[in-house]
There are 2 protein chains.
Amino acid sequence: MSSKKVKTFRPKARVPKGLRDIPAREIRAMARMMRVIEQVYDSYGFEPLETSAFEYTDALGKFLPDLDRPNEGVFSFQDEDDQWLSLRYDLTAPLARYVAEHYDGLPKPFRRYQSGAVWRNEKPGPGRFRQFTQFDADTVGTPLVAADAEICMMAADCMERLGIPRGSYVMRVNNRKILDGVLETIGIAGDGDGFETQRMTVLRAIDKLDRLGPDGVRRLLGDGRKDESGDFTKGAGLDTSQSDRILAFVSAEGDDAKSVIAALRQIVAGSEIGIQGVDELEEMATLFEAAGYGTDRIRLDPSVVRGLGYYTGPVYEAELTFQAVNEDGELVRFGSVGGGGRYDGLVERFKGIVVPATGFSIGVSRLYSALDHLGKLDTGGVIEPVVVLVMDRERIADYQAMTSRLREAGIRAEMYLGGSGMKAQMKYADKRGAPCVIIQGGDEHASGEVTIKDLIEGSRLSKEIEDNEEWRSGRPAQVTVSLDSLVESVREILGRHSS
Amino acid sequence: MSSKKVKTFRPKARVPKGLRDIPAREIRAMARMMRVIEQVYDSYGFEPLETSAFEYTDALGKFLPDLDRPNEGVFSFQDEDDQWLSLRYDLTAPLARYVAEHYDGLPKPFRRYQSGAVWRNEKPGPGRFRQFTQFDADTVGTPLVAADAEICMMAADCMERLGIPRGSYVMRVNNRKILDGVLETIGIAGDGDGFETQRMTVLRAIDKLDRLGPDGVRRLLGDGRKDESGDFTKGAGLDTSQSDRILAFVSAEGDDAKSVIAALRQIVAGSEIGIQGVDELEEMATLFEAAGYGTDRIRLDPSVVRGLGYYTGPVYEAELTFQAVNEDGELVRFGSVGGGGRYDGLVERFKGIVVPATGFSIGVSRLYSALDHLGKLDTGGVIEPVVVLVMDRERIADYQAMTSRLREAGIRAEMYLGGSGMKAQMKYADKRGAPCVIIQGGDEHASGEVTIKDLIEGSRLSKEIEDNEEWRSGRPAQVTVSLDSLVESVREILGRHSS
């Protein structure tokens with residue numbers, strides 16, 4: 001006797017590492033959040049644009065912040081004609097491609113916004129995904145820092161329109177040319193001079209000021225720093241006087257724009273590029289003041305450098321200043337939810353001519369978490385569907401008709417489509433969060449009636465009433481009405497709960 | 001003498017083959033269209049879900065319609081741990097993965113909708129892209145055809161809510177079990193019987209009934225068919241009596257559901273599966289009638305088979321019945337904008353248990369084209385921004401302040417941020433479609449005034465007035481007001497154009 005048994009391959013159902021499924025509540029609240037941002041950007045004259053999920057790898061370029069692995073960090077695959085394609089890792093590189101491709105036909109300046117998923121082939125971690133959403137706004141084709149100032153004000157408007165109170169956020173603004181000036185005065189500036197790695201290490205060190213404080217940054221600027229776990233990070237190798245100047249620069253922050261500017265002027269004295277940076281920062285400060293954006297909304301802060309190498313002028317960051325618990329359980333400043341700056345070189349890659357541009361990118365899930373934390377997510381307005389029970393499978397057309405009637409009256413409604421009895425149906429309605437169920441058994445059918453069971457009221461009552469027997473026999477929160485007044489009665493119950 | 005010249009690599013700025021950028025007008029109208037669909041699906045108790053752009057290749061499975069190249073058609077890449085990942089080619093396979101992964105926690109049935117991009121690694125053509133958007137609704141976990149009926153009614157509701165008049169669309173409904181019954185009666189049914197390819201050829205032949213007519217289909221069912229260009233398509237190799245029966249089946253369409261059902265009963269007589277299919281179709285017809293969906297909205301049509309192999313019961317298609325010019329310049333029926341059916345096997349791949357499911361997928365760009373053709377796209381409500389000209393670079397803060405004031409009053413406004421003179425600014429405003437521009441030169445500044453130039457009225461007048469000199473000197477459609485009444489005056493002009 002032989003028994004033939006074919007082993008069937010059963011793939012394991014699992015979402016890929018570092019990716020996730022997004023549930024209904026988050027999708028809805030996120031969509032509302034995105035719409036508010038869109039409205040603000042629209043009001044500033046920005047236009048939406050959508051580019052495709054992947055690009056030719058050579059067009060995308062290699063602008064990821066990770067200096068050590070310039071070829072990694074993206075998901076790539078080869079097309080049938082052997083050209084390499086990569087999933088976009090941000091929305092700026094595709095914009096540069098778009099602008100270069102359509103340069104002559106675009107209005108200049110060209111203001112556009114785009115939101116969408118981006119992908120990074122990086123090691124995932126808690127709260128760190130390989131697919132996430134960005135919301136970008138960029139102005140392309142103008143060298144005026146008025147464009148940068150406009151984006152900073154627009155970002156501040158966004159925060160407030162989303163419900164983040166003034167004082168709980170701040171736009172921090174700096175200019176990379178000032179840093180270049182500082183680097184020049186300490187002798188590590190200039191293209192192709194072999195100082196690139198050192199400069200990048202300095203940038204990263206400054207970026208950590210918030211977390212490590214001046215002492216930690218000083219170590220990273222000098223010989224290096226050993227953290228609590230004993231891991232050693234190599235430093236930039238600057239001497240004390242060099243480090244002093246950089247620390248003076250990044251600490252020149254303050255409430256009074258005029259005195260910040262004056263201090264910066266002194267630090268970069270003698271560096272042409274540095275002075276130009278201070279001039280630009282001063283012009284932006286003037287525009288903020290003229291438009292009524294005080295230092296409670298936008299402030300100059302020389303410690304903002306933004307990690308990316310491609311920024312060439314103003315840089316800015318939206319920081320949320322309230323405290324929240326981080327993933328290690330520590331109470332910390334919520335921190336950055338977006339940032340950006342001027343990048344005059346991205347389109348040049350394609351066209352060989354300088355096309356000045358500036359832009360701001362919101363980390364959408366960070367911002368979402370912040371609003372959630374503040375209780376400012378707009379999750380309202382969704383009433384779960386009324387469930388019409390199927391008491392008699394033969395009469396499913398009747399239940400279908402009731403469901404349709406409710407729906408036509410603008411009430412979210414569904415007929416129970418499962419396979420089992422009363423208990424399973426009630427359990428389903430509970431799981432769905434249904435505000436009420438509609439029941440028409442044989443008796444009700446005979447008398448042209450229908451029973452409406454108010455599940456919200458019922459659950460409240462069942463908590464109040466100790467004696468379960470009493471509650472059951474009393475059948476509270478339940479009403480039997482004529483079929484004709486079904487819609488009216490359901491509306492009454494829903495109205496009671498929404499008010 | 002040696003001149004050192006480094007040749008810089010300049011990538012060509014081009015969107016990848018078969019992909020495209022989506023312009024502002026389409027993004028906005030599309031978003032409104034999607035919101036209408038969402039509202040309809042919400043009203044039926046469906047919940048939104050978002051899954052990630054790619055999945056493990058083994059979890060995605062190989063359900064693409066292309067039988068000849070089962071391994072192709074998707075974009076795949078390998079993860080760091082060597083597992084293969086693929087961009088999703090539809091939204092059904094990720095749903096099956098999601099349901100299998102979270103089975104115990106889900107309400108049953110589970111109604112979900114999802115919209116998003118999908119990717120196919122296929123040869124692009126006119127109107128045929130490698131990234132496109134689908135909008136799916138599925139009900140998982142119930143074998144009742146009431147679930148299929150519900151989706152058909154929901155799809156019909158969608159069409160009407162989007163503005164497609166009754167009579168210009170129809171939901172066509174069939175059941176694959178009836179076809180299985182027909183195949184049984186002609187002797188080519190049964191799993192693992194070696195008839196798979198033949199059955200697939202029959203499915204594809206039936207799918208072409210609309211385009212080729214009964215004669216063309218008869219050839220494809222028989223020896224094969226040579227088209228106008230001389231290309232030969234191999235047929236299914238059926239004999240005349242077999243073909244007759246299939247043609248009788250697909251032609252059993254009609255206005256009266258009862259007689260269609262009766263005809264189908266006769267055709268599948270003797271086949272258990274066929275009779276079951278007819279019973280199911282009859283039950284759906286009863287539900288449509290009970291809910292008031294007449295044959296002007298939903299009709300039984302045995303020629304609907306849907307190409308995909310995985311359907312196991314009811315199949316349905318949303319067809320637009322009006323005429324439109326196709327890409328070859330011919331006037332044809334607009335055709336299908338979506339379709340779906342019951343697929344009881346997809347979750348089974350993972351779990352080994354049958355999880356019945358049914359779903360409908362809208363081809364979003366087809367539907368968008370249809371609404372565009374009918375003039376039913378909601379593109380309204382977008383007023384292009386008012387442009388504040390920069391007449392004096394030194395006074396940019398003043399112009400910024402005017403722009404902010406307009407914006408705070410709810411008027412879309414932008415300050416000109418380009419680099420050139422008056423002519424370039426006016427050209428820019430024209431290109432942006434600005435309704436008016438705000439001008440404050442030295443004279444206006446001195447007198448505390450501002451000039452508003454109505455570009456829409458101006459363009460109308462310039463068409464009317466022959467004598468250009470006269471028009472210029474007359475300065476029509478232009479008004480100078482006190483700075484205080486800027487907002488009020490702009491509002492008046494916008495109001496005039498919107499009414």
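Model, not experiment: these values are computed from the prediction.

**Here we look at the overall build of chain A**
Item 1. Helices and strands together make up the secondary structure of chain A, namely 18 helices and 18 strands.
Item 2. Relative to the globule expectation of 23 Å for 499 residues, the C-alpha radius of gyration of chain A, 30 Å, shows a markedly less compact shape.
Item 3. Evaluated residue by residue, chain A yields a buried proportion of 54% over its 499 residues.
Item 4. Taking as baseline every contact in chain A between residues at least 6 positions apart, the subset at least 24 positions apart corresponds to 69%.
Item 5. Here chain A displays about 22,200 Å² of accessible surface, and carbon together with sulfur accounts for 48% of that area.
Item 6. Charge-centre separation for chain A: the mean point of 65 positive side chains lies 6 Å from the mean point of 79 negative side chains.

**Notes on the domain arrangement of chain A**
As a measure of interface size, the accessible area lost when the parts come together is often cited.
Item 1. The assigned domain composition of chain A is domain 1 (24-374) and domain 2 (386-498).
Item 2. Each of domain 1 of chain A and domain 2 of chain A was reduced to a C-alpha centroid, and the two centroids are 54 Å apart.

**Remarks on the sheet that holds strand β15 (residues 413-415) of chain A**
Residue and element names in this part refer to chain A.
Item 1. Reading across from one edge, β15-β14-β16-β17-β18 is the order of the 5 strands in this open sheet, with mixed pairing throughout. Edge positions in the open sheet fall to β15 and β18 (478-482), since each of these has one partner strand only. With strand direction ignored, the average angle separating the axes of adjacent strands in the sheet is 25 degrees.
Item 2. Pairing of strand β17 (residues 449-454) with β18, which is carried by 5 bridges, proceeds in the antiparallel orientation. Counterpart to Val450 in the pairing with β18 is Val481.
Item 3. In this fold helix α13 (residues 396-408) packs onto β14 (386-388), β15, β16 (436-439) and β17, with an angle of close to 175 degrees to the strand it touches most, β15.

**Overview of the interface of chain A and chain B**
Item 1. On the chain B side, the residues contacting the 97 residues of chain A number 97 residues.
Item 2. Together, the buried faces of chain A and chain B total about 8,300 Å²; carbon and sulfur atoms form 55% of this surface.
Item 3. Of all residues in chain A, Arg14, Asp21 and Leu417 of chain A give up the largest surface area on contact with chain B, accounting jointly for 9% of the area buried on that side.
Item 4. Where Asp21 of chain A meets Arg97 of chain B, a salt bridge forms, and the shortest distance between an N and an O atom there is 2.8 Å.
Item 5. Between chain A and chain B we count 46 residue pairs in polar contact (both at pLDDT 80 or more) in total.
Item 6. Among the residues making up the side of chain A that touches chain B, the classes are represented as 47 nonpolar, 15 polar and 35 charged.

**Details of the packing of aromatic side chains**
Item 1. Counting across every chain of the model gives 23 aromatic pairs over all chains.
Item 2. Here the aromatic rings of Phe54 of chain B and Phe77 of chain B are separated by 5.3 Å at their centres, their planes lie at 80 degrees, and the arrangement is edge-to-face. Taken together, the residues span a long stretch of sequence, with Phe54 of chain B in strand β2 (residues 54-56) and Phe77 of chain B in strand β3 (residues 76-78) at a distance of 23 residues.
Item 3. Given a relative accessible area of 0%, Phe54 of chain B falls into the buried group.
Item 4. Taken together, the ring pairs connect Phe54, Phe75 and Phe77 of chain A together with Phe54, Phe75 and Phe77 of chain B into an aromatic cluster.
Item 5. Between the NZ or CZ atom of Arg20 of chain A and the centre of the ring of Phe129 of chain A, over which it lies, the distance is 5.3 Å.
Item 6. One cation-aromatic arrangement involves Arg297 of chain B over Tyr293 of chain B; the distance from NZ or CZ to the ring centre is 4.0 Å.

**Describing the relation of the copies chain A and chain B**
Item 1. For the pair chain A and chain B, the superposition axis carries a translation of 0.0 Å, the fit reaches an RMSD of 0.1 Å, and the rotation angle comes to 180 degrees. Each copy turns onto its partner about a two-fold axis. Ranked by how close their C-alpha atoms come to the rotation axis, the residues of chain A are headed by Phe77 of chain A, at 2.8 Å.
Item 2. When the interface residues of chain A are mapped onto chain B, 100% of them are again interface residues, pointing to one common binding face.

**Focus: the pairing of strand β4 (residues 84-87) of chain A**
Residue and element names in this part refer to chain A.
Item 1. As judged from the 3 bridges shared by strand β2 (residues 54-56) and β4, these two strands associate in the antiparallel manner. Counterpart to Glu55 in the pairing with β4 is Ser86.
Item 2. Here strand β3 (residues 76-78) pairs with β4 via 3 bridges, running antiparallel. The residue bridging Ser76 from the neighbouring strand is Ser86, located in β4.

**So, the side chain of Arg111 of chain A**
Item 1. Relative to the helices and strands, Arg111 of chain A is located in strand β5 (residues 110-119).
Item 2. In terms of polar contacts, Arg111 of chain A uses its side chain to reach the side chain of Glu414 of chain B, at 2.8 Å.
Item 3. When near neighbours in sequence (up to four residues on either side) are disregarded, Arg111 of chain A contacts Tyr44, Gly45, Phe46, Glu47, Asp138, Thr139 and Glu150 of chain A together with Glu414, Met415, Leu417 and Tyr428 of chain B.

**Observations regarding helix α3 (residues 92-101) of chain B**
Item 1. Within α3 of chain B, 9 of the 10 residues are buried, leaving the element largely enclosed by the surrounding structure.
Item 2. Buried positions along α3 of chain B lie against β2, α2 (57-60), β5 (110-119), β6 (131-140) and α11 (348-351) of chain B.

**Description of the sheet that holds β3 of chain A**
Hydrogen bonds between backbone groups are what pair the strands of a sheet, and the pairing can be parallel or antiparallel.
All names here are of chain A.
Item 1. Here 3 strands make up an open sheet; going across it, the order is β2-β4-β3 and the pairing antiparallel. Edge positions in the sheet fall to β2 and β3, since each of these pairs with one other strand and no more. In this sheet, adjacent strand axes meet at a mean angle of 30 degrees when their direction is disregarded.

**Focus: the environment of Leu221 of chain A**
Residue and element names in this part refer to chain A.
Item 1. Its place among the elements puts Leu221 in helix α7 (residues 209-221).
Item 2. For Leu221, a relative accessible area of 0% puts it in the buried group.
Item 3. With 16 residues separating them in the primary sequence, Leu221 and Ala205 have C-alpha atoms 6.5 Å apart.
Item 4. When near neighbours in sequence (up to four residues on either side) are disregarded, Leu221 contacts Val202, Ala205, Ala236, Gly237, Leu238, Ser243, Ile246 and Leu247.

**Things to note about the nonpolar core**
Item 1. If you look at the biggest cluster of nonpolar residues, it comprises 116 residues, and the most contacted ones within it are Leu406, Ile438 and Val490 of chain A together with Tyr41 of chain B.
Item 2. Sorting elements by how many residues they give to this core places helix α4 (residues 145-161) of chain B first, with 12 residues.
Item 3. Setting aside its immediate chain neighbours within four residues, Tyr41 of chain B contacts Phe46, Tyr113, Phe135, Asp136, Ala137, Met154, Cys158, Phe360 and Ile362 of chain B.
Item 4. Met33, Ile37, Tyr293 and Ala370 of chain A belong to the second-largest nonpolar core, a separate cluster that totals 106 residues.

**Observations regarding the pattern of salt bridges**
Item 1. Summed over all chains, the structure comprises 72 salt bridges over all chains.
Item 2. Connected through shared salt-bridge partners, Arg28, Glu384, Arg407, Arg412, Glu414 and Arg432 of chain A together with Asp42, Glu47, Arg111 and Glu150 of chain B make up one network.

**Quick word on the packing of helix α7 (residues 209-221) of chain B against helix α8 (residues 240-250) of chain B**
Between two packed helices, what matters for the description is the angle formed by their axes and the separation of those axes.
All names here are of chain B.
Item 1. Running from amino to carboxyl end, α7 crosses α8 at an angle of 160 degrees, the nearest separation of the two axes being 9 Å. Accordingly, the angle class assigned to the pair α7 and α8 is roughly antiparallel. Crossing angle aside, the handedness with which α7 passes α8 is right-handed. In this structure, α7 uses Leu209, Pro214, Val217, Arg218 and Leu221 to contact α8, whose residues at the interface are Thr240, Ser243, Asp244, Ile246, Leu247 and Val250.
Item 2. A breakdown of the residues in the contact of α7 with α8 according to their chemical character gives 7 nonpolar, 2 polar and 2 charged.

Scoring rules and cut-offs
Numbering of residues begins from 1 in every chain and follows the order in which that chain's sequence is written. Each chain takes a letter, starting from A, and each ligand takes a number, starting from 1, following the order in which they are written. Since the coordinates come from a predicted model, pLDDT governs what is reported: local features require at least 70, and pairs of side-chain atoms require 80 or more to be given and counted, while whole-chain, interface and lining totals use all residues. Think of the side-chain values as coming from all heavy atoms in the structure, minus any hydrogens and water. In this description a helix means any DSSP run of H or I spanning at least four residues, a strand means any run of E spanning at least two, and both kinds are numbered starting from the N terminus. Based on C-alpha atoms, the radius of gyration is set beside the globule rule, defined as 2.2 Å times the residue count to the power 0.38. A simple rule labels every residue: compare its accessible area, found with a 1.4 Å probe on the protein chains alone, to the largest value its type can have, and call it buried under 20%, exposed over 50%, or partly exposed in between. It only takes one pair of heavy atoms within 4.5 Å for two residues to be counted as in contact. Reported accessibility uses the Shrake-Rupley method at a 1.4 Å probe radius. Residues are deemed covered only where the shown protein chains occlude them. The charge count includes Lys and Arg as positive and Asp and Glu as negative, but it does not include His or the ends of the chains. By convention, the point assigned to a charge is CZ for Arg, NZ for Lys, CD for Glu and CG for Asp. In this document the domain limits rely on a domain assignment from an automatic tool or a database. Criterion used throughout: strands pair if DSSP finds at least two bridges between them. For every element, the axis is a line fit to its C-alpha atoms; helices are fit only across the contacting stretch, and the angle between N-to-C directions ranges from 0 to 180 degrees. Summed over both partners, the accessible surface that disappears when two parts come together, traced with a 1.4 Å probe, is what is meant by buried area. A carboxyl oxygen of Asp or Glu within 4 Å of a side-chain nitrogen of Lys or Arg is what we treat as a salt bridge. Here a polar contact is taken to be a pair of N or O atoms separated by no more than 3.5 Å, where protein atoms must pair a possible hydrogen donor with a possible acceptor and residues adjacent in sequence count only if both atoms sit in side chains. Ten residues, namely Ala, Val, Leu, Ile, Met, Phe, Trp, Tyr, Cys and Pro, are considered nonpolar, four, namely Asp, Glu, Lys and Arg, are considered charged, and the remaining ones, Gly among them, are considered polar. A pair of Phe, Tyr and Trp rings is counted when the ring centres sit within 6.5 Å of each other, with Trp represented by its six-membered ring. The angle between the planes then sorts it: under 30 degrees is stacked, over 60 is edge-to-face, the rest tilted. Sitting over a ring, as applied to charges here, requires NZ of Lys or CZ of Arg to be within 6 Å of the ring centre and within 35 degrees of the ring normal. Superposing copies: least-squares fit, C-alpha atoms only, residues required to have pLDDT of at least 70 in both. What is meant by a nonpolar core is a set of buried Ala, Val, Leu, Ile, Met, Phe, Trp, Tyr and Cys residues, joined one to another through side-chain atoms within 4.5 Å. Note on terminology: angles under 35 degrees are roughly parallel, angles over 145 are roughly antiparallel, angles of 65 to 115 are roughly perpendicular, and the others are oblique. By definition, turning the near helix anticlockwise from the far helix through less than a right angle yields a left-handed crossing, and turning it clockwise yields a right-handed one.

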